[in-house]
Amino acid sequence: MMNSEIFEDWFVANKLMKNLPTSPPSIIVTENAAYHSRLQFRLPNRSTRKDIISFMLQHNLEVPNPLPTISVLLELIKGANISREFVIDKIARDFGLEVLRLPPYHCNLNAIELIWARLKHEVRKRNVTPSRSDSVCRTIRECLELINSELWTKCVNRTREIERQYIVRDSENDETRSL
């Protein structure tokens, strides 16, 4: 099962960062799965006063004297507008790369979803013995061989076309609103 620890290890230590070119800079497109979205730190909530003060000091926030209530301290933190930062975004930036997060519920903007759909379709079409795991594994491996740079190019181009349609629709909506 995937979790943020496994994903981050793959992201930096094992595969992705070592294989992406930095010139021209790559952009890493991801959706908002929980394991892609672990925060560098969490804003304190109903913690102890000691934890809240520690957080404030770490983020160079002034700690009032005398100390107010916990709820006042939390409001001070909220008012400081401390930006949330995701772990993988920082890792990518350290490598000179950028992470682009797709908006929630817009899987049609993610080319890999088209690849997955194609893979699942091919496996369903070819898998004649779904109860035999060795046969299913063999079929999946065969279907994975069909995923090549040509298919990726088609899927990326399709995604770009969908993006273009969104841009056109947005500009039309902006023009309508300005009238």
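Up top you'll find the structure we're talking about.
Residues numbered from 1 in each chain as written. Predicted model: local features only at pLDDT ≥ 70, side-chain atom pairs only at ≥ 80, totals over all residues. Heavy atoms only, no water.

Engineer: What exactly am I supposed to notice about the packing of helix H6 (residues 111-126) against helix H8 (residues 149-178) here?
Structural biologist: When two helices pack together, their arrangement is given by the angle between the helix axes and by the axis-to-axis distance. The interhelical angle for the contact between H6 and H8, taken along N-to-C directions, is 130°, at an axis separation of 8 Å. Classified by the angle their axes make, H6 and H8 are oblique. As H6 packs across H8, the resulting crossing turns out to be right-handed. On the side of H6, the interface is formed by Ala111, Ile112, Leu114, Ile115 and Arg118, while H8 contributes Leu151, Trp152, Cys155, Val156, Arg158 and Thr159. Split by residue class, the contact of H6 with H8 holds eight nonpolar, one polar and two charged. (Axes fitted to C-alpha atoms, helices over the stretch in contact; angles between N-to-C directions. Helix = DSSP H or I, 4+ residues; strand = E, 2+ residues; numbered from the N terminus. Parallel < 35°, antiparallel > 145°, perpendicular 65-115°, else oblique. Left-handed = near helix turned anticlockwise from the far one by under 90°. Contact = heavy atoms within 4.5 Å. Nonpolar A, V, L, I, M, F, W, Y, C, P; charged D, E, K, R; others polar.)

Engineer: Would you take a moment to explain H8 for this structure?
Structural biologist: Each α-helix winds once per 3.6 residues, and so residues spaced three or four apart point in a common direction. Helix length check: H8, at 30 residues, gives a terminal C-alpha distance of 43 Å against a target of 44 Å (1.5 Å per residue), a fit within 8%. Turning to H8, its buried residues are Leu151, Cys155, Thr159 and Ile162. (Expected span 1.5 Å × (residues − 1). Buried < 20%, exposed > 50% of the residue type's maximum accessible area, 1.4 Å probe, protein only.)

Engineer: Sorry if this is basic, but what is going on with the nonpolar core here?
Structural biologist: The nonpolar side chains of soluble globular proteins are, as a tendency, buried together. Counting eleven residues, the largest nonpolar core consists of Phe7, Phe11, Leu16, Met17, Ile28, Val87, Ile88, Ile91, Ala92, Leu97 and Val99. Mapped by element, the contributors of at least two residues to this core are helix H1 (4-14), helix H2 (16-19) and helix H5 (87-94). With four residues, H5 is the single largest residue contributor to this core. Once you skip the residues sitting within four places of it in the chain, methionine 17 turns out to touch Phe11, Val12, Ile28, Ile91, Ala92, Phe95 and Leu97. Residues Ile52, Ile53, Phe55 and Leu74 belong to the second largest nonpolar core, which totals eight residues. (Core = buried A, V, L, I, M, F, W, Y, C linked by side-chain atoms within 4.5 Å.)

Engineer: Explanation requested: the pattern of salt bridges in the structure shown.
Structural biologist: Should their charged atoms come close, side chains of opposite charge can pair. For the coordinates displayed, the defined rule picks out ten salt bridges. Its salt-bridge partner being glutamate 85, residue arginine 93 comes within 2.0 Å of it at the nearest N-O pair. Accessibility expressed as a relative area gives 48% for arginine 93, which makes it partly exposed. On the basis of relative accessibility, which here comes to 23%, the residue glutamate 85 falls in the partly exposed class. The residue aspartate 94 makes a salt bridge to lysine 90 at a minimum N-O spacing of 3.2 Å. Of this pair, aspartate 94 and lysine 90 both sit in helix H5, separated by four residues, roughly a single helical turn. Judged by relative accessible area, which is 30%, lysine 90 ranks as partly exposed. Taken together, the shared-partner salt bridges in this structure form one network comprising Arg118, Glu122, Lys125 and Arg126. (Salt bridge = Lys/Arg side-chain N within 4 Å of Asp/Glu carboxyl O.)

Engineer: I'm lost on the packing of helix H3 (residues 49-58) against helix H4 (residues 70-79) in this one. Help?
Structural biologist: At a closest axis distance of 10 Å, the pairing of H3 and H4 adopts a crossing angle of 25°. In terms of axis orientation, H3 runs roughly parallel to H4. Here H3 runs over H4; the crossing is left-handed. For the pair H3 and H4, contact is made by Arg49, Ile52, Ile53, Phe55 and Met56 and by Ile70, Leu73, Leu74, Leu76 and Ile77, respectively. A breakdown of the residues in the contact of H3 with H4 according to their chemical character gives nine nonpolar, no polar and one charged.

Engineer: Hey, could you run me through the packing of aromatic side chains in this one?
Structural biologist: Aromatic ring pairs are described here by two measures, namely the spacing of the ring centres and the angle between the planes. Across all of its chains, the model carries four aromatic pairs by this definition. Here the aromatic rings of phenylalanine 7 and tryptophan 10 are separated by 5.7 Å at their centres, their planes lie at 40°, and the arrangement is tilted. Of the two residues, phenylalanine 7 and tryptophan 10 both sit in helix H1, three residues apart, roughly one turn of that helix. When its relative accessible area of 36% is taken as the criterion, tryptophan 10 is described as partly exposed. Note on phenylalanine 7 and phenylalanine 11: the rings are 5.7 Å apart at their centroids and 40° apart in plane angle, and the pair reads as tilted. Here phenylalanine 7 pairs with phenylalanine 11, and both are found in helix H1, just four residues apart, close to one helical turn. Here a set of aromatic residues connected by ring pairs shows up, and it is made of Phe7, Trp10, Phe11 and Tyr35. (Phe/Tyr/Trp six-rings, centres within 6.5 Å; stacked < 30°, edge-to-face > 60°.)

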